[in-house]
Amino acid sequence: MGKKQHNSDKLLQEELKKSGEIPDHIAIIMDGNGRWAKRRGLPRAAGHKRGVDTVRDIVEACAEIGVKYLTLYTFSTENWNRPKDEVSTLMRLLLSSLKARLSELDKNDIKLTSIGDLSSLPVEVQKQLRTDIEKTRNNKRMTLNLALSYSGRWELIKA
């Protein structure tokens, strides 16, 4: 992100804070990364990688403006029907993101939680997710909730 863009982001954040209309909870369905890449002649994985980079900016901005809860609908149960190599890429991206962002979340006082059928995730992802959730459990600034292997049906059963 260039300095000019960063400064305009800061100004927008300040305007939002002054307006007093910051929601307590924002939920985002992460969709369209593969289509974004395809329109640019890139492999779908490039779109997913770009999405991961965007998430970092979103989390940071939400924490800075005072959002208390951010839920990212990250990987639905329908996503398991994607080609096996794409699912593997998504799981590797998730794992590497969890590992890479743990200290950043903790340093910024962001608590990580998760919803969904976590038992269907690869064991390494489950383990890292548990580690990250445990490490950040006492953080108070904002709660980042990842919806993983979720579905409307799952939510109704758990409700």
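Before going into details, it helps to say that this report is about the structure given with it. (Residues numbered from 1 in each chain as written. Predicted model: local features only at pLDDT ≥ 70, side-chain atom pairs only at ≥ 80, totals over all residues. Heavy atoms only, no water.)

## Brief notes about the side chain of Ser114
We apply this condition: Helix and strand assignments come from DSSP, with helices taken as H or I runs of at least 4 residues and strands as E runs of at least 2, each series counted from the N terminus. Burial here depends on accessible area, computed with a 1.4 Å probe over protein chains only, as a share of the maximum for the residue type. Under 20% is buried, over 50% is exposed, and the range in between is partly exposed. Contacts described as polar in this section are N or O atom pairs within 3.5 Å, which, within protein, must combine one atom able to donate a hydrogen with one able to accept it, while residues neighboring in sequence count only if both atoms come from side chains. The contact criterion used is simple: two residues touch if any of their non-hydrogen atoms lie within 4.5 Å.
Position of Ser114 among the secondary structure elements: in strand β3 (residues 110–115). With relative accessibility at 18%, the residue Ser114 sits in the buried group. A polar contact of 2.9 Å, which involves the side chain of Ser114, links it to the backbone oxygen of Leu146. Setting aside residues no more than four positions away along its own chain, Ser114 makes contact with Leu129, Ile133, Asn145, Leu146 and Leu148.

## Some remarks on the layout of surface pockets
Test applied: Buried and open spaces are told apart on a 1 Å grid over the protein atoms alone, a cavity being a set of points where a 1.4 Å probe fits but cannot get out and a pocket being an open set with protein on both sides within 12 Å along at least five of seven lines. Residues with an atom within 4 Å of a point are the lining residues. Grid points are joined across faces, edges and corners, and a volume is the space filled by probe spheres set on the points. Residues were grouped as follows: Ala, Val, Leu, Ile, Met, Phe, Trp, Tyr, Cys and Pro as nonpolar; Asp, Glu, Lys and Arg as charged; and all remaining residues, including Gly, as polar.
Approximately 870 Å³ is the volume found for the largest pocket. For the lining of the largest pocket, the secondary structure elements donating two or more residues are α2 (33–39), α3 (44–65), β2 (69–76), α4 (84–107), β3 and β4 (142–150). Top contributing element to the lining of the largest pocket by residue count: α3, with 10 residues. Residue classes in the lining of the largest pocket are distributed as 21 nonpolar, 10 polar and 11 charged.

## Quick word on the nonpolar core
Note the cut-off: Side-chain atoms within 4.5 Å are what join buried Ala, Val, Leu, Ile, Met, Phe, Trp, Tyr and Cys residues into a set we call a nonpolar core.
Judged by nonpolar contacts, the single largest core of 25 residues is most densely connected at Val59, Met142 and Leu144. Breaking this core down by element, the ones donating at least two residues are α3, β2, α4, β3, α5 (123–136) and β4. Filtering out sequence-adjacent residues up to four positions away, Met142 remains in contact with Val59, Cys62, Ala63, Val67, Lys68, Tyr69, Leu70, Asp109, Ile110 and Lys111.

## Examining the sheet that holds β3
This is how the line gets drawn: What makes two strands pair is DSSP finding at least two bridges between them. For helices, the fitted line uses only the C-alpha atoms of the stretch in contact; every axis is such a line through C-alpha atoms, and the angle between N-to-C directions lies from 0 to 180 degrees.
As summarised here, the arrangement of the 4 strands in space is β1-β2-β4-β3, forming an open sheet in which the pairing is parallel. Looking at the sheet topology across the chains shown, the edges are occupied by β1 (25–29) and β3. When strand polarity is set aside, the average angle formed by the axes of neighbouring strands in this sheet is 20°. Sheet topology places β1 next to β2; 5 bridges connect them, and they run parallel. Bridge assignment links His25 to a residue of β2, and that residue is Tyr69. Each of β1, β2, β3 and β4 is contacted by α3, which is oriented at about 160° to β2, the strand it contacts most. Relative to the sheet, α5 contacts β3 and β4, its axis offset from that of β3 by approximately 140°.

Any link to function would need more than the numbers given here.
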